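# Per-entry structural report
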Amino acid sequence: MAAAAPPDIGRLARDIRAGDRTVLSRAITLIESKRADHRRAAAALMQKLLDATGKAVRVGITGAPGVGKSTTIDALGSMLTAAGRKVAVLTVDPSSRRTGGSILADKTRMTHLANDPNAFIRPSPASGTLGGVAAKTRETMLLCEAAGYDVVLVETVGVGQSEIAVADMTDFFLLLMLPGAGDELQGLKKGVVELADMIAVNKADGDNVARAKAAAAEYRAALHILAPRSPNWSPPVVTYSALTGEGIAALWNKILDHHEKLAAAGELAARRGEQQVKWMWAMLEERLFEPLRSDRALKAALPRIEADVAAGRLAPATAVEELADMLGR
Ligand SMILES: Nc1nc2c(ncn2[C@@H]2O[C@H](COP(=O)(O)OP(=O)(O)OP(=O)(O)O)[C@@H](O)[C@H]2O)c(=O)[nH]1
Ligand SMILES: [Mg+2]
């Protein structure tokens with residue numbers, strides 16, 4: 001079979017800068033590809049577009065399943081496109097949970113944005129290692145910026161390490177909570193609360209308003225005893241309703257306020273710089289580990305080596321030497 005012609009990077013870059021959504025989608029598929037020639041082309045494309053990136057407000061959104069992340073993104077995103085912004089919505093979900101069905105479910109929960117010409121929704125790359133999935137999502141974010149999207153909203157499943165990866169690619173990390181069950185921070189790992197630039201209690205509507213306010217007061221007290229993530233920002237706690245839209249504008253104003261304060265203090269640029277270096281290392285690590293996943297002989301040998309190490313027949317150091325020899329072949 002003849003290999004497909006290498007993509008014309010100059011042309012791709014030009015069409016992305018012009019905001020062509022079809023080309024943007026194609027470019028994202030290119031960066032998600034594992035083929036070596038595609039990877040080289042994707043890297044060249046990222047380099048070519050680098051000067052057009054960095055102009056968006058990047059917001060990570062997390063919270064327990066069902067807290068209302070997608071509904072919030074739909075309400076917030078629609079408000080922003082109505083105000084003339086272009087909004088990209090991405091997800092990080094390294095579990096294979098997100099099949100075609102749940103992508104569809106997400107789109108039906110984002111009914112406004114799904115049909116909005118100024119919104120671009122791209123689901124999580126197909127399952128893989130968290131490092132790989134997150135790195136692709138970050139590059140997708142940059143492509144969207146180059147295409148003129150000036151707000152990027154990244155939804156993450158409220159479990160596992162994906163929150164940290166999303167906090168590491170965004171400027172603002174928004175933690176959503178439910179009314180009630182405030183005292184134990186709803187089973188969330190303390191590490192996630194420490195990453196939050198704001199806690200927002202959703203579903204403050206109907207009978208829930210008083211409970212939402214009570215939960216917010218508890219979170220405020222809880223946040224008080226944590227060291228703030230930034231010297232220029234103390235994470236606020238707000239209540240809102242994604243369903244009625246009440247409080248959505250105030251929520252966005254907090255995000256903008258944070259953006260302006262951190263930009264003025266030089267912290268935004270510093271944070272992004274640090275993130276970029278982190279991503280370089282994450283991608284390098286991913287690359288260096290690849291032979292362990294793709295080299296047939298190595299993959300075939302690993303179960304035996306692991307069993308020998310577990311049984312005490314093979315010293316871990318000897319196993320590493322053996323594996324390193326196989327890698328170096
Ligand atoms: N009453 C009320 N219901 C809401 C609100 N926001 C979301 N919901 C409902 O909560 C349910 C879950 O909302 P989603 O937006 O799908 O939640 P999610 O956090 O994205 O869920 P996963 O992606 O599955 O983790 C849906 O039935 C929504 O209609 C709100 O502000 N008020
Ligand atoms: Mg969702």
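For the structure, see preceding data.
What counts and how
- Residues numbered from 1 in each chain as written.
- Chains lettered and ligands numbered in written order.
- Predicted model: local features only at pLDDT ≥ 70, side-chain atom pairs only at ≥ 80, totals over all residues.
- Heavy atoms only, no water.
- Salt bridge = Lys/Arg side-chain N within 4 Å of Asp/Glu carboxyl O.
- Helix = DSSP H or I, 4+ residues; strand = E, 2+ residues; numbered from the N terminus.
- Buried < 20%, exposed > 50% of the residue type's maximum accessible area, 1.4 Å probe, protein only.
- Core = buried A, V, L, I, M, F, W, Y, C linked by side-chain atoms within 4.5 Å.
- Contact = heavy atoms within 4.5 Å.
- Pairing = 2+ DSSP bridges.
- Axes fitted to C-alpha atoms, helices over the stretch in contact; angles between N-to-C directions.
- Phe/Tyr/Trp six-rings, centres within 6.5 Å; stacked < 30°, edge-to-face > 60°.
- Lys NZ or Arg CZ within 6 Å of the ring centre and 35° of its normal.
- Donors = N, O, S within 2.8 Å, 3.2 Å for Na, K, Ca; no water.
- Parallel < 35°, antiparallel > 145°, perpendicular 65-115°, else oblique.
- Left-handed = near helix turned anticlockwise from the far one by under 90°.
- Nonpolar A, V, L, I, M, F, W, Y, C, P; charged D, E, K, R; others polar.
- Near = heavy atom within 4 Å.
- Polar contact = N/O pair within 3.5 Å; in protein donor to acceptor, adjacent residues only side chain to side chain.
- Areas by Shrake-Rupley, 256 points an atom, 1.4 Å probe, with all protein chains shown as cover.
- Expected span 1.5 Å × (residues − 1).

Another point: the pattern of salt bridges. A complete count under the given rule lists 15 salt bridges for this structure. In this structure, Arg17 engages Asp51 in a salt bridge whose closest nitrogen and oxygen atoms are separated by 2.7 Å. Residue Arg17 is located in helix H1 (residues 9-17), and its partner Asp51 is located in the loop between helix H3 (36-49) and strand S1 (57-62); the two are separated by 34 residues in the primary sequence. You can call Asp51 exposed: its relative accessible area is 55%. Residue Lys261 pairs with Asp257 through a salt bridge whose shortest N-O separation is 3.1 Å. Here Lys261 and its partner Asp257 are both found in helix H11 (residues 248-264), 4 residues apart, which amounts to about one turn of the helix. Residue classification places Lys261 among the partly exposed residues on the basis of a relative accessible area of 39%. Each of Asp197, Arg229, Glu267 and Arg271 takes part in one network of salt bridges that share partners.

A general trend in soluble globular proteins is that nonpolar side chains are found buried together. Grouped together as the largest cluster of nonpolar side chains are 55 residues, with contacts concentrated most on Ile16, Leu24, Leu45, Leu143 and Ile199. Among the elements that make up this core, the one with the highest residue count is helix H7 (residues 130-146) (8 residues). Among all residues touching Ile16, those that are not within four sequence positions of it are Val23, Leu24, Ala27, Leu45, Leu49, Leu143, Ala146 and Ala147.

What the 7 strands build is an open sheet, ordered S3-S2-S4-S1-S5-S6-S7; its pairing is parallel. One side of each edge strand has no neighbouring strand; the edge strands of this open sheet are strand S3 (119-122) and strand S7 (237-239). Taken over all neighbouring pairs, the strand axes of this sheet differ in orientation by 20° on average, direction set aside. Where strand S5 (residues 172-177) lies against strand S6 (residues 198-201), 4 bridges are found, and the strand directions are parallel.

In total, this model carries 2 aromatic pairs according to the counting rule given. A centroid spacing of 6.4 Å and a plane angle of 70° characterise the contact between Phe172 and Trp233, whose relative ring orientation is edge-to-face. Note that Phe172 is positioned in strand S5 and Trp233 in the loop between helix H10 (209-224) and S7, a separation of 61 residues in sequence. For the pair shown, Phe172 and Trp233 are each scored as buried. Lys86 extends its terminal NZ or CZ atom over the ring of Tyr149, reaching a point 4.4 Å from the ring centre.

Turning next to the coordination of the magnesium ion (ligand 2). At this site the magnesium ion (ligand 2) is bound by Ser70 (OG) and Glu155 (OE), with donor distances of 2.1 to 2.4 Å. Separated by 85 residues along the polypeptide, Ser70 in helix H4 (residues 69-82) and Glu155 in strand S4 (residues 151-156) bring together distant segments of the chain. Taking the relative accessible area as the measure of exposure, Ser70 reaches 6% and is therefore buried.

Packing of H3 against H7 leaves a shortest axis separation of 10 Å and a crossing angle of 45°. In this view, H3 runs oblique relative to H7, as classed from their interaxial angle. At the point where H3 passes H7, the crossing takes the left-handed sense. On the side of H3, the interface is formed by Leu45, Met46 and Leu49, while H7 contributes Glu139, Leu142, Leu143 and Ala146.

Orientation of helix H13 (residues 296-310) relative to helix H14 (residues 316-328), taken along the N-to-C sense of each, is 175°, at an axis distance of 11 Å. As far as their axial angle goes, H14 and H13 are roughly antiparallel. Here H13 contributes Ala297, Leu298, Ala301, Leu302, Arg304, Ile305 and Val309 to the contact with H14, which in turn contributes Pro316, Ala319, Glu322, Leu323, Met326 and Leu327. Classifying every residue of the contact of H13 with H14 gives 11 nonpolar, no polar and 2 charged.

Inspection of the region around ligand 1 gives 16 residues, with Lys69, Ser70, Thr71, Arg109 and Asp205 positioned closest. Here an oxygen atom of ligand 1 sits 2.8 Å away from a polar atom, N or O, in the main chain of Ser70. A distance of 2.5 Å separates an oxygen atom of ligand 1 from a polar side-chain atom of Thr71. Protein contact buries 76% of the 650 Å² of open area that ligand 1 shows by itself. The biggest single contributor to the shell around ligand 1 is H4, with 3 residues. The residue makeup of the shell around ligand 1, split by class, is 5 nonpolar, 6 polar and 5 charged.

Here we come to H4. Residues three or four positions apart in an α-helix share a direction because the helix packs 3.6 residues into each turn. An ideal rise of 1.5 Å per residue puts 20 Å on 14 residues; H4 measures up with 20 Å between its terminal C-alpha atoms. Most of H4 is tucked away, with 10 of its 14 residues classed as buried. For H4, the set of buried residues is Lys69, Ser70, Thr72, Ile73, Asp74, Leu76, Gly77, Ser78, Leu80 and Thr81. In the segment just after H4, Gly84 is the residue with positive phi, at about 95°.

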